Amino acid sequence: MPVPKTETVRENGPQPTGEYEPNSEWGQFLKAWKVFGGDYNFVSHPETPVVSPFDRPNPPIEDKRQYTVTQIPEGLETEDAFLERYRKTDAILITCMDKDASGPAYEILKKGGKKIMFVSIAGGITQLTQEREHALTTILSYLGKKGDHIQEVLATNHDETCGYIKASLDNPLSEALGVEVGSKEEGTATKALILHHMEKVGINNFFPQKVKPALVDIKRETEDAEFDYDFSGVQPQSLEEIVAGK
Ligand SMILES: [Zn+2]
């Protein structure tokens, strides 16, 4: 399916700064990002600012965390400008834009000294439509080709009801499964989804030996989160398979 043209994609005319070939690899990369540009609508907060992949997540307002969607800002819409920033990073974090997942996950990695390229979109690695899945594949394929300097890629989504998955199911995942929010069962189902969508997006092909799946385990009591890397015994499963109880 063709990505709708946006005003920042110019096919002809003079060559202002930021001009690029829409069908080049770089042009495809920019267009792919725009597929996620309206993701705040999933949570009815369209006014929330988008953030560059090289910036920190949106800070809390009056102690309330904000959602964070990352997009390529105008100043980085030339390939050289983008790559100059990208080459200074050493880790890629793919998370859901959820306010309780994106910020805490970012801060954990940052405290570990990582220089982060941040892909924060609704659902994180678990993209449930073909258009969104292809867009994430396009983004990761490009980042992989230019990513010899990257040491680690974290492919995540989170527990405690991902709003994006809820929108697809019309119900929280826990409810569809008949389990408690934040339960081990919800976490295990989310891990199975993460593995399934890692395969679908093809992330291991773009970053061989560098990708780690992780569940962002939201801790409501401490308003924090942890990475859960324990995927032992978890098999990849699609959302349909999980809900059907296969
Ligand atoms: Zn989510």
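Each remark here, short or long, concerns the structure printed above.
Residues numbered from 1 in each chain as written. Predicted model: local features only at pLDDT ≥ 70, side-chain atom pairs only at ≥ 80, totals over all residues.

**A word on the overall build of the chain**
Each helix and strand in the chain was counted, giving nine helices and five strands. Reading the secondary structure of the chain in the N-to-C direction produces α-α-β-α-β-α-β-α-α-α-α-β-β-α. On C-alpha atoms alone, the chain measures out to a radius of gyration of 18 Å, which is about the 18 Å that the 2.2 N^0.38 rule sets for 246 residues. Across its three principal axes, the chain shows a C-alpha extent of roughly 60 × 40 × 35 Å. Split into buried and exposed, the 246 residues of the chain put 40% on the buried side. Long-range pairs, those at least 24 residues apart, make up 69% of the contacts in the chain with a sequence separation of at least 6. (Helix = DSSP H or I, 4+ residues; strand = E, 2+ residues; numbered from the N terminus. Rg over C-alpha atoms; globule rule 2.2 N^0.38 Å. Buried ≥ 20, exposed ≤ 12 C-beta atoms within 10 Å, placed from the backbone. Contact = placed C-beta atoms within 7 Å.)

**Some details on unusual backbone geometry**
Phi at E160 takes a positive value of approximately 60°, unusual for a residue other than glycine. Within the fold, E160 resides in the loop between β3 (152-158) and α5 (163-169). Unusually for a residue other than glycine, E223 sits at a positive phi of about 50°. If you trace the backbone, E223 turns up in the loop between β4 (211-219) and β5 (224-228). For E223, a count of 13 C-beta atoms within 10 Å gives the class partly exposed.

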